[in-house]
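Each chain, written out:
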Amino acid sequence: MLENLGSRFQNIMKKVRGHGKLSEENVKEALKEVKMSLLEADVNYKVVRDFTNKILENSLGENVLTGVNPGQQFIKIVNDELVELLGGTNSRLTKSPRNPTVIMLTGLQGAGKTTFAGKLANYLKKQGEVPYLVAADVYRPAAIKQLQVLGKNIGVSVYAEENSNDPVEICKNSIEAGKLENATYIILDTAGRLHIDEKLMDELKEIKKVAKPHEIMLVVDAMIGQDAVNLAQSFNEAISIDGVVLTKLDGDARGGSALSIKSVVGKPIKFIGTGETINDIELFHPERLASRILGMGDVISLVERAQENINEDDAKSLEDKIKSQKFDLEDYLKMLNMVKKMGPLKNIMKMIPGMSDIGDISPAEKEMKKVVVMIQSMTKEERKKPEILKANRKIRVAKGSGVEVSDINKLLKQFDQMKAMMKMFSGGKMPNMSALAGMKGPKGKFHF
Ligand code: GDP
């Protein structure tokens, strides 16, 4: 997310930190680069100008350049302004004092509205809410089916009217249906269009009238750059939105809209979409994104993601097994599945301070998948007692998982080394370097 901007900013900050003292000239030089990188990230020109002016003003203020550690102080000023630009504090989703809360999702076709409807329902369900999805996107072929499949996967009811092509009527009827299902949140996936037109806006106004949503959110594709800001402005003028969802921030999107929307449109970004899978949704936290852009990592999001996706009892039982040295391949599989549940490794690494520019980790991810398949091809007994895996069994497992016997051997060897290391850890001793080296895979990449 905003990778290019992030690495540009991190380089600028590194340079600033490198100066023992900061002169006005240094600050201006750094700000020139900040300006360039923001414009390249497609941030609105006026927003950039105001942003850099404020930083300049604050930096030349009292004691900043002459104080202790001027580089750090400058970075703090940039960070604070960046947080402000992104919207200040995090804006929560509305919750009506009386159930159900009605959330109306709007947006153009392809923005990721239906995908987000599923992500939001899943997110709410995890928090103990009872979401209810409404398939009112009657114009995009397959949108209704898509929502039904999503709903089924996450165990959330979906309201649909097979033979209707009247989204206003569907939304109206769905509110009653949702109440009957004791829904606490009703999420309306309204119909999109390829472009903004009067018909779309009229229809949305009608839906707003009959469904009386507590919150209207506009779902926008971050990849469309500046147009995302214009789009948000048009929707806001026509139907008065409450917040924005920016999707596809995982791509190499320039993402400048994330930095412009709040100051141009005056409405906060509430959620961001960071991938195609159901868990790739994040509440938008300005201070966390600012940290990520400045390369300071985002440990809070990482911990939250772990808490959401990992069952505490499972984690405890694995820990006990490691301590008592009963860790077997079945446990290893569980552990790998836990990591997998947290989402793509690439996204996880980015949240760790200093790891944002770790490079391509897709080989490690592939390797992890391969190990999962190999263990899945083993019988329960083999997973418990890997030592019984002799030649014939190895051939069978290799065939079953589509790998070579040498891959099975490699896995078993690594597993032994891993166990040896766990033994040392649980005995309170530090692992020796050869065991650590053994954990490395080809070309020094880590290996799972
Ligand atoms: P709709 O027409 O607005 O309902 O759009 P969809 O929900 O069908 O999404 C359009 C495409 O964008 C699909 O291929 C989704 O998988 C993809 N998509 C949605 N959200 C994201 C996201 O946050 N990241 C990425 N990479 N793809 C997304």
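Being a predicted model, the structure only gives us computed values, none of them experimental.

With that settled, the discussion passes to the sheet that holds strand S1 (residues 101-106). Spatially, the eight strands line up as an open sheet ordered S3-S2-S4-S1-S5-S6-S7-S8, and their pairing is mixed. Of all strands in the sheet, those with a lone pairing partner are strand S3 (158-159) and strand S8 (281-283), marking the two edges. Pairing geometry for strand S2 (residues 131-135) and strand S4 (residues 185-189), over five bridges, is parallel. When the sheet's bridge partners are listed, Pro 131 is paired in S4 with Tyr 185. Across the sheet, helix H8 (residues 198-211) touches S1, S4 and strand S5 (215-221), and the angle it forms with S1 is around 175°.

Model confidence for the protein is summarised by a mean pLDDT of 85, while 89% of its residues fall at 70 or above. For residues 428-448, every residue scores under 50 in pLDDT, and the model assigns this stretch 38 contacts once sequence neighbours within four places are set aside.

What follows is about the site of the ligand. Taken together, 17 residues surround the ligand, and among them Gly 110, Lys 113, Thr 114, Thr 115 and Asp 250 come closest. One nitrogen or oxygen atom from the main chain of Ala 111 is found 3.2 Å from an oxygen atom belonging to the ligand. In isolation the ligand has 570 Å² of accessible area, and contact with the protein removes 81% of it. Among the elements that line the shell around the ligand, the one with the most residues is helix H5 (residues 113-126), at four residues. When grouped by side-chain class, the residues that make up the shell around the ligand number two nonpolar, nine polar and six charged.

Once that is clear, we can look at the side chain of Asp 221. Tracing the chain through its elements places Asp 221 in strand S5. Look past the residues within four positions of Asp 221 in its chain and what remains in contact with it is Gly 110, Ala 111, Ala 228, Thr 247 and Lys 248.

Bringing the packing of helix H1 (residues 3-18) against helix H2 (residues 24-40) into the picture now. Between H1 and H2, the least distance of the axes is 10 Å, while the angle of their chain directions is 175°. In terms of their interaxial angle, H1 and H2 are classed as roughly antiparallel. For the pair H1 and H2, contact is made by Leu 5, Arg 8, Phe 9, Ile 12, Met 13, Lys 15 and Val 16 and by Ala 30, Glu 33, Val 34, Met 36, Ser 37, Leu 38 and Glu 40, respectively. Considered class by class, the residues forming the contact of H1 with H2 number nine nonpolar, one polar and four charged.

Residues spaced three or four apart along an α-helix point in a common direction, a consequence of the helix completing one turn every 3.6 residues. With 16 residues, H1 should cover 22 Å at 1.5 Å per step; its first-to-last C-alpha distance of 22 Å lies within 8% of that length. Those residues of H1 that fall on the buried side of the exposure criterion are Leu 5, Gly 6, Phe 9, Gln 10, Ile 12, Met 13 and Val 16. Along the axis of H1, the buried positions cluster into a sector of 165°, meaning they face one direction only. H1 presents Asn 4, Lys 14 and Gly 18 as exposed residues on the side facing more than 90 degrees away from its buried surface. For H1, the elements touching its buried residues are H2, helix H4 (70-85), helix H10 (256-265) and helix H11 (286-293).

Our focus in this paragraph is the packing of helix H13 (residues 312-323) against helix H14 (residues 329-341). Put simply, H13 and H14 touch, their axes get as near as 11 Å, and they point 140° apart. The pairing of H13 with H14 is recorded here as oblique in orientation. The handedness of the crossing between H13 and H14 is left-handed. Touching Asp 314, Ala 315, Leu 318, Lys 321 and Ile 322 of H13 are Asp 331, Met 335 and Met 338, all from H14. In the contact of H13 with H14, the residues fall into five nonpolar, no polar and three charged.

Leaving glycine out, the prevailing phi sign among residues is negative, and the prevailing peptide bond configuration is trans. The amide bond that connects Asn 99 to the next residue, Pro 100, takes the cis arrangement and shows omega of -10°. Here Pro 100 is to be found in the loop between H4 and S1. Positive phi is not limited to glycine here, since Ser 240 has a value of about 55°. Turning to its location among the elements, Ser 240 is positioned in the loop between helix H9 (226-239) and strand S6 (243-247). Despite not being glycine, Gln 325 has its phi angle at roughly 55°, a positive value.

With that out of the way, let us pick up the packing of aromatic side chains. Taken as a whole and assessed by the stated rule, the structure comprises five aromatic pairs. Pairing Tyr 123 with Phe 271 gives two aromatic rings, centres 5.4 Å apart and planes at 85°, and the pair type is edge-to-face. In this pair, Tyr 123 is assigned in helix H5 and Phe 271 in strand S7 (residues 269-273), connecting sequence segments 148 residues apart. Tyr 123 sits in the buried class, given a relative accessible area of 15%. When the ring of Tyr 332 is compared with that of Phe 415, the centres are 5.8 Å apart and the planes differ by 35°; the resulting orientation is tilted. Note that Tyr 332 is positioned in helix H14 and Phe 415 in helix H19 (residues 405-426), a separation of 83 residues in sequence. The exposure class of Tyr 332 is buried, given its relative accessible area of 6%. An aromatic cluster is built from Phe 116, Tyr 123 and Phe 271, whose rings are joined through pairwise contacts.

Parameters at a glance
- Residues numbered from 1 in each chain as written.
- Predicted model: local features only at pLDDT ≥ 70, side-chain atom pairs only at ≥ 80, totals over all residues.
- Heavy atoms only, no water.
- Pairing = 2+ DSSP bridges.
- Helix = DSSP H or I, 4+ residues; strand = E, 2+ residues; numbered from the N terminus.
- Contact = heavy atoms within 4.5 Å.
- Axes fitted to C-alpha atoms, helices over the stretch in contact; angles between N-to-C directions.
- pLDDT = per-residue confidence, 0-100.
- Near = heavy atom within 4 Å.
- Polar contact = N/O pair within 3.5 Å; in protein donor to acceptor, adjacent residues only side chain to side chain.
- Areas by Shrake-Rupley, 256 points an atom, 1.4 Å probe, with all protein chains shown as cover.
- Nonpolar A, V, L, I, M, F, W, Y, C, P; charged D, E, K, R; others polar.
- Parallel < 35°, antiparallel > 145°, perpendicular 65-115°, else oblique.
- Expected span 1.5 Å × (residues − 1).
- Buried < 20%, exposed > 50% of the residue type's maximum accessible area, 1.4 Å probe, protein only.
- Arc of directions from axis to C-beta.
- Left-handed = near helix turned anticlockwise from the far one by under 90°.
- Phe/Tyr/Trp six-rings, centres within 6.5 Å; stacked < 30°, edge-to-face > 60°.

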